[in-house]
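Residue-level listing of the chains:
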Amino acid sequence: MVRPGDRTARTTRGTASLEDLGYNHVVDFGPDAPEYGVTAMIPTRTPLGRRIPRGPVGADHEIFSLVAAGQCVHPLGEIAARYNSPPGIVFLPVRGAPTIHYALTWRSTADSPTLPALAQTAADLGPISR
């Protein structure tokens, strides 16, 4: 989970839980985002049944700006912490959260010879080691 770099109990203890999402807003990707992708990453309720509030509306590339501005927190995969270090943001592991799986995808109408080559290169390289 990414959250503003403040000194709250959640940041000082070094982890977050799915229950913590119920105390904060998370980014709302809007009506065009595929529901299966959104709910796989952001449940609608905490394990104890509390609603996880949505908003502000934003896109993937806006998450860090919204979090740094203190408007929300947001669950992201471990890979986000590995390749990003924006100022004013703390990355916390979320206890009890399901593993997020990533895959290369593209629109079939945009198929070209370079896309299968990219997919094959990624398959040849295999998973990122920890």
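How each quantity is defined
Residues numbered from 1 in each chain as written. Predicted model: local features only at pLDDT ≥ 70, side-chain atom pairs only at ≥ 80, totals over all residues. Heavy atoms only, no water. Helix = DSSP H or I, 4+ residues; strand = E, 2+ residues; numbered from the N terminus. Core = buried A, V, L, I, M, F, W, Y, C linked by side-chain atoms within 4.5 Å. Buried < 20%, exposed > 50% of the residue type's maximum accessible area, 1.4 Å probe, protein only. Contact = heavy atoms within 4.5 Å. Pairing = 2+ DSSP bridges. Right-handed = clockwise from strand over helix to strand, strands pointing away. Salt bridge = Lys/Arg side-chain N within 4 Å of Asp/Glu carboxyl O. pLDDT = per-residue confidence, 0-100. Patch = residues over 30% accessible without salt bridge, like charges linked within 9 Å, V, L, I, M, F, W, Y side chains within 5 Å. Areas by Shrake-Rupley, 256 points an atom, 1.4 Å probe, with all protein chains shown as cover. Expected span 1.5 Å × (residues − 1). Phe/Tyr/Trp six-rings, centres within 6.5 Å; stacked < 30°, edge-to-face > 60°. Lys NZ or Arg CZ within 6 Å of the ring centre and 35° of its normal.

Looking at unusual backbone geometry
Proline 56 follows glycine 55 through a cis peptide bond whose omega is 10°. If you trace the backbone, proline 56 turns up in strand E4 (residues 54-57).

Overview of the nonpolar core
Leu18, Leu21, Val26, Val38, Ile42, Ile52 and Val73 form the largest nonpolar core, which has 7 residues in total. For valine 38, the contacting residues outside a window of four places in its chain are Phe29, Ala33 and Arg54. Counting residues in each nonpolar core, the second largest holds 6 residues, with Val27, Ile63, Val67 and Cys72 among its members.

Some words on the pairing of E4
As defined by bridge partners, strand E3 (residues 26-28) adjoins E4 across 2 bridges and the pair is classed as parallel. Following the sheet pairing, valine 26 is matched in E4 by arginine 54. Between the parallel elements E3 and E4, the chain passes through helix H2 (residues 35-41) in a crossover that is right-handed.

Notes on the pattern of salt bridges
If you walk through the whole model with that rule in mind, you get 1 salt bridge. Here glutamate 78 ties to arginine 82 by a salt bridge, and the two come within 3.8 Å at their closest N and O atoms. Placement of both glutamate 78 and arginine 82 in helix H4 (residues 78-83) is noted, with a separation of 4 residues, approximately one turn of the helix. Residue glutamate 78 is classed as partly exposed on the basis of its relative accessible area of 47%.

A few points about the confidence of the model for the protein
Scored by pLDDT, the protein comes out at a mean of 83, with 88% of its residues at no less than 70. Looking at the elements of the protein, mean pLDDT is at its lowest for helix H1 (residues 9-12), recorded as 55, and at its highest for E3, recorded as 91.

With respect to a nonpolar patch on the surface
Taken together, the side chains of Ile79, Tyr83, Tyr102 and Ile128 define a hydrophobic patch exposed on the protein surface, amounting to about 440 Å² of accessible area. Turning to its location among the elements, tyrosine 83 is positioned in helix H4. Of the residues examined, tyrosine 83 reaches a relative accessible area of 55% and is grouped as exposed.

So, helix H5 (residues 114-125)
Along its 12 residues, H5 runs 17 Å from first to last C-alpha, staying within 8% of the 16 Å computed at 1.5 Å per residue. A positive backbone phi angle near 80° is found at glycine 126, which sits one or two residues after H5.

A few points about the packing of aromatic side chains
Aromatic rings considered in pairs are described by the distance between their centres and by the relative angle of their planes. Considering all chains together, one arrives at 1 aromatic pair under this definition. Consider the rings of phenylalanine 64 and phenylalanine 91, whose centres lie 6.1 Å apart with planes at 75°: the pair is edge-to-face. Separated by 27 residues along the polypeptide, phenylalanine 64 in helix H3 (residues 63-68) and phenylalanine 91 in strand E5 (residues 89-91) bring together distant segments of the chain. One cation-aromatic arrangement involves arginine 50 over tyrosine 23; the distance from NZ or CZ to the ring centre is 4.0 Å.

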